[in-house]
Amino acid sequence: MQIDLIETFLDLMETRSFNRTAERLNITQSTVSHRVKALEAQFNRKLFTRNKGGTVPTASGLRFLDHAKALQRQWHEATRAVENAGTYERSMRLGIQHDLAEAFAGQWLLAIRTELPATSIYMEADYSSQMNRDLAAGDLDLAILYTPHYLPDLHYERIGEMTYTLVATTAKTVGELLPENYIQAVYSPAFDRAHRLALPQLSAAPLASGQNIAITGLLKTLGGAAYVTGGTALRLEGESAAFPVADAPTIQQAVYAATSIRTRHAHQHRRIIGAMQDLLGPPG
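For clarity, every value in this text was computed on a predicted model and none was experimentally measured.

(A) Expanded view of the packing of helix 1 (residues 3–15) against helix 2 (residues 18–25). Direction vectors running N to C along helix 1 and helix 2 enclose 125°, while the axes themselves pass 9 Å from each other. Judged on the interaxial angle alone, helix 2 and helix 1 are oblique. Regarding helix 1 and helix 2, the two cross each other, and that crossing is right-handed. Together, Thr8, Asp11, Leu12, Glu14 and Thr15 of helix 1 and Phe18, Arg20, Thr21, Arg24 and Leu25 of helix 2 make up the contact between the two elements. When the residues that make up the contact of helix 1 with helix 2 are grouped by side-chain class, the tally is three nonpolar, three polar and four charged.

Dropping the structure here:
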């Protein structure tokens, strides 16, 4: 497989510019042209047309797009399987939402290693948008995330929930909260919508973050109020650093497992998803 041709084609489909693709791939514009011509020669079809308005994919180019993405993903999977497993039977690259990693990474990996001792594991914490892209490109085998994008060839299933609790350093009720001292949590679009419905008067705060560990640090340093994970709320209360706001609603954030459609029933994927599901408990 000439993966350079495929990746150049995919980048050009994004940029619609031979010059921009050359810059992004750190190659010359003539190399981009050569690769596109080589791919077109294999199909005996034009994949792009160039005019004053820029570079436009032809009907053949558009039809090839999904196949090119699949080829790129399969190449990355094959490369990892050959290069990274070492003496292990297989390798897996896992993505996990930042807040889930903070709460469960150790327990999750312990369960995976126990269930799949012959599998080497690489794990990285990230945000949903990037993990969706990495899954689509084949750079991840499985991800546990907050926001599905329902991309072609990807499978999503809801596996549980994370509970977020409103805590404050001084205020004891919602009525006592001051917007100027509020730290707005934006953990996902769904969380943001639920927050705006529950507490619209606090949805235009001067400070916001999308990561539990960052919000916890801001609370300890600046004071105020914010939504944090249930586990963090208990820890802050135990440290007398912040306390739950008695009349504030909790907000439930749905958690999803995402895989390729081809591997959604694979033995190792089901074990890995099941391990996280056990930690989260059943969906509410």
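Picking up after the structure, the text goes on.
(B) Spotlight on unusual backbone geometry. Within the chain, Asn44 stands out as a residue other than glycine whose phi angle is a positive 60°. If you trace the backbone, Asn44 turns up in the loop between helix 3 (29–43) and strand 1 (48–51). For Asn44, a relative accessible area of 62% puts it in the exposed group. In this model, Ser240 sits at a positive phi of 55°, which is unusual for a non-glycine residue.

(C) Highlighting the nonpolar core. Core analysis: the biggest nonpolar cluster contains 49 residues, and Leu100, Trp108, Ile144, Leu166 and Tyr227 have the highest contact counts within it. Judged by nonpolar contacts, the second largest core, of 17 residues, contains Leu10, Val32, Leu65 and Ala68.

(D) View of the pattern of salt bridges. All chains considered together, the criterion is met by 11 salt bridges. Note that Arg73 and Asp153 form a salt bridge whose closest N and O atoms lie 3.6 Å from each other. Of the two residues, Arg73 is situated in helix 4 (residues 59–83) and Asp153 in the loop between strand 5 (142–145) and strand 6 (154–168); the sequence distance between them amounts to 80 residues. Of the charged contacts, one joins Lys220 and Glu239 as a salt bridge, the two residues approaching to 3.4 Å between their closest N and O atoms. Residue Lys220 is located in helix 8 (residues 212–222), and its partner Glu239 is located in the loop between helix 9 (230–238) and strand 10 (243–244); the two are separated by 19 residues in the primary sequence. Put simply, Asp11, Glu14 and Arg24 are held in one network by salt bridges that share partners.

Each value, and the rule that gives it
- Residues numbered from 1 in each chain as written.
- Predicted model: local features only at pLDDT ≥ 70, side-chain atom pairs only at ≥ 80, totals over all residues.
- Heavy atoms only, no water.
- Axes fitted to C-alpha atoms, helices over the stretch in contact; angles between N-to-C directions.
- Helix = DSSP H or I, 4+ residues; strand = E, 2+ residues; numbered from the N terminus.
- Parallel < 35°, antiparallel > 145°, perpendicular 65-115°, else oblique.
- Left-handed = near helix turned anticlockwise from the far one by under 90°.
- Contact = heavy atoms within 4.5 Å.
- Nonpolar A, V, L, I, M, F, W, Y, C, P; charged D, E, K, R; others polar.
- Buried < 20%, exposed > 50% of the residue type's maximum accessible area, 1.4 Å probe, protein only.
- Core = buried A, V, L, I, M, F, W, Y, C linked by side-chain atoms within 4.5 Å.
- Salt bridge = Lys/Arg side-chain N within 4 Å of Asp/Glu carboxyl O.

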